[in-house]
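# Reading the structure
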Amino acid sequence: RIHQRHKECRDDIDTLSPCFLSVYESLIPVKEEKAKQNELLQSLQKSVDKEWPNAQLHLYGSCANTFGFSNSDIDICLAIDDSNMSRNEMLLKVAEILQSDNLQNVQALTNARVPIVKMMDPKTGISCDICINNHFAMANTKLLKDYAQIDDRLHQLAFIVKHWARSRAINETYRGTLSSYAYVLMCIHFLQLRKPAILPCLQEMEATYVLTVDDTECAYFDQVVKLKNFGAQNKESITELLWAFFHYWAYHHDYTSDVISVRTGSIISKKLKDWTRRVGNDRHLICIEDPFETSHDLGRIVDKHSIKILREEFERAADILQYDSNPSVTLFKPYMQ
Ligand code: ATP
Ligand code: MG
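Owing to the predicted nature of the structure, the values given are computational and were not obtained by experimental measurement. (Residues numbered from 1 in each chain as written. Chains lettered and ligands numbered in written order. Predicted model: local features only at pLDDT ≥ 70, side-chain atom pairs only at ≥ 80, totals over all residues. Heavy atoms only, no water.)

## Considerations on the environment of Lys-162
If you trace the backbone, Lys-162 turns up in helix 6 (residues 152-167). The spatial distance from the C-alpha of Lys-162 to the C-alpha of Ala-182 is 9.9 Å, given a sequence separation of 20 residues. When neighbours within four sequence positions are excluded, Lys-162 is seen to be in contact with Ser-62, Phe-67, Gly-68, Phe-69, Ser-180 and Val-184. A distance of 2.6 Å separates the side chain of Lys-162 from the backbone oxygen of Phe-67, its partner in a polar contact. (Helix = DSSP H or I, 4+ residues; strand = E, 2+ residues; numbered from the N terminus. Contact = heavy atoms within 4.5 Å. Polar contact = N/O pair within 3.5 Å; in protein donor to acceptor, adjacent residues only side chain to side chain.)

Structure, rendered in structure tokens:
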């Protein structure tokens, strides 16, 4: 393979923006979908109220962080304070309640990394996962949502990157590629590092939002309406950014020593985090620090086979943006197994 390191993108790159923006627009869910999700949330809340009148259901993940596509599954967190029951007992109880309220395919997965109850609502056709007291997920959902309000280019970039990752079958954590959450963090970090910066580092600013989870403070500046013009100095178009994003991950990121960190808005070193060698199943071949659970590398599921696939996909994408005659189609060509 010839590794091409380009510093400059093609001259006509901005003429591609309308095509990419129409791809982006086609991915945004219609308003009715939000209404359907809320309707389901309310009916589930009623079911749960019967057993636990003080428990609250919250949406999290892509249906709440604004980075969700049409027809995506929804993630729900049950916030409950019940010291008489273990988490698994609660999950089994939730499953029992939902089953008796006629939800379909109800399944409690008590051994998963994040234990959940899965089910499908026959009325709306929506599938959903319910977890219990996952407060970090609530905090990182809000963080992503707040970043999205600062500059539209984050939303556009992240949607296109997620769509690309899905089309290329590299958004599958069970097969060693990256989660949607990881891709969105990569986009945020990339925009924090543009010159001039397109996004600030909210966790380095005065904390106006604080949620303490276990012993960890999740704190950052959340008055994002005040930051609406933050990225205005930077005039880069969505296609220039897309080009630079893929080029960064294809040809410039230092996979042997660097960790990307949204928390600090900078690159930090693997040495500093002690992520230089494999520990158990965590290989640290691509390092993405979780903004709140900082000992958590979102790239840890990537193995020596899937890192190769990922890097080849970054190179493919970079080369398509550089040379292809119709990048907004070729980029998303489904990967055939
Ligand atoms: P999708 O549209 O693909 O469903 P999503 O944003 O819901 O995207 P998921 O990967 O389903 O992404 O994750 C749902 C939520 O769970 C994330 O938004 C995040 O809050 C949390 N989460 C997911 N993976 C991790 C992880 N490895 N560590 C911590 N939190 C995570
Ligand atoms: Mg999800």
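## Some thoughts on the sheet that holds strand 9 (residues 266-269)
Ordered by their spatial adjacency, 3 strands build an open sheet running 9-8-10, and the pairing between neighbours is mixed. A single partner strand is all that each edge strand has here, and the edge strands are strand 9 and strand 10 (287-289). Geometrically, the sheet is characterised by an average inter-axis angle of 35° between neighbouring strands, direction not taken into account. As judged from the 4 bridges shared by strand 8 (residues 258-261) and strand 9, these two strands associate in the antiparallel manner. Residue pairing for strand 9: Ser-261 is matched across the bridge by Ser-266. Lying over the sheet, helix 7 (residues 180-192) contacts strand 8, strand 9 and strand 10, oriented at roughly 90° with respect to strand 8. (Pairing = 2+ DSSP bridges. Axes fitted to C-alpha atoms, helices over the stretch in contact; angles between N-to-C directions.)

## Some words on the domain arrangement of the chain
By the assigned domains, the chain splits into domain 1 (13-27 + 151-330) and domain 2 (31-136). Spacing between the C-alpha centres of domain 1 and domain 2 amounts to 28 Å. Residue-level contacts link 18 residues of domain 1 with 9 residues of domain 2. Taken together, the two surfaces of domain 1 and domain 2 that pack against each other cover about 1200 Å², and 70% of this comes from carbon and sulfur. Joining domain 1 to domain 2, the criterion identifies 0 salt bridges. (Domains from an automatic or database assignment. Buried area = accessible area lost by both parts, 1.4 Å probe. Salt bridge = Lys/Arg side-chain N within 4 Å of Asp/Glu carboxyl O.)

## Considering the nonpolar core
Residues Trp-164 and Phe-246 are the most contacted members of the largest nonpolar core, which totals 73 residues. Broken down by element, this core gets its largest block of residues, 11 residues, from helix 8 (residues 238-252). Once residues within four sequence positions are removed from consideration, Trp-164 is found in contact with Ile-170, Tyr-183, Phe-246, Glu-313, Phe-314, Arg-316, Ala-317, Leu-331 and Phe-332. By size, the runner-up hydrophobic cluster in this structure holds 28 residues, among which are Ala-64, Leu-78, Leu-91 and Cys-128. (Core = buried A, V, L, I, M, F, W, Y, C linked by side-chain atoms within 4.5 Å. Buried < 20%, exposed > 50% of the residue type's maximum accessible area, 1.4 Å probe, protein only.)

## Some words on the environment of Val-30
Secondary-structure assignment places Val-30 in the loop between helix 1 (17-27) and helix 2 (31-51). For Val-30, a relative accessible area of 49% puts it in the partly exposed group. Taking the C-alpha atoms as reference points, Val-30 and Ser-70, separated by 40 residues in sequence, lie 7.2 Å from one another.

## Section: the site of ligand 1
Around ligand 1 there are 18 residues in total, and Ser-62, Asn-140, Lys-162, Arg-166 and Ser-180 lie nearest to it. Here Ser-62 contributes a backbone N or O atom positioned 2.9 Å from an oxygen atom of ligand 1. At 2.3 Å, a side-chain N or O of Asn-140 approaches an oxygen atom of ligand 1. Coverage of ligand 1 by the protein chains reaches 79% of its 590 Å² of free accessible surface. Every element with two or more residues in the shell around ligand 1 is listed here: helix 3 (62-65), helix 5 (135-148), helix 6 and helix 7. Element by element, the count of residues in the shell around ligand 1 is highest for helix 5, at 3 residues. A per-class count over the shell around ligand 1 returns 4 nonpolar, 8 polar and 6 charged. Taken together, domain 1 (13-27 + 151-330) and domain 2 (31-136) each give at least three residues to the shell around ligand 1, which thus spans both. (Near = heavy atom within 4 Å. Areas by Shrake-Rupley, 256 points an atom, 1.4 Å probe, with all protein chains shown as cover. Nonpolar A, V, L, I, M, F, W, Y, C, P; charged D, E, K, R; others polar.)

## What about the packing of aromatic side chains?
Tallied over the entire structure, the rule returns 13 aromatic pairs. With a centroid separation of 5.2 Å and an interplanar angle of 70°, the aromatic rings of Phe-69 and Phe-159 are classed as edge-to-face. Taken as a pair, Phe-69 in the loop between helix 3 and strand 2 (74-79) and Phe-159 in helix 6 lie far apart in primary sequence, 90 residues in all. For the pair Phe-69 and Phe-159, one class covers both residues: buried. Cluster of aromatic residues (ring-pair linked, three or more members): Trp-164, Tyr-183, Phe-190, Phe-245, Phe-246, Tyr-248, Trp-249, Tyr-255 and Phe-314. Across the ring face of Tyr-209, the terminal group of Lys-142 is positioned such that the distance to the ring centre comes to 5.0 Å. Above the face of the Trp-275 ring, Lys-273 is positioned so that its terminal group lies 4.8 Å from the ring centre. (Phe/Tyr/Trp six-rings, centres within 6.5 Å; stacked < 30°, edge-to-face > 60°. Lys NZ or Arg CZ within 6 Å of the ring centre and 35° of its normal.)

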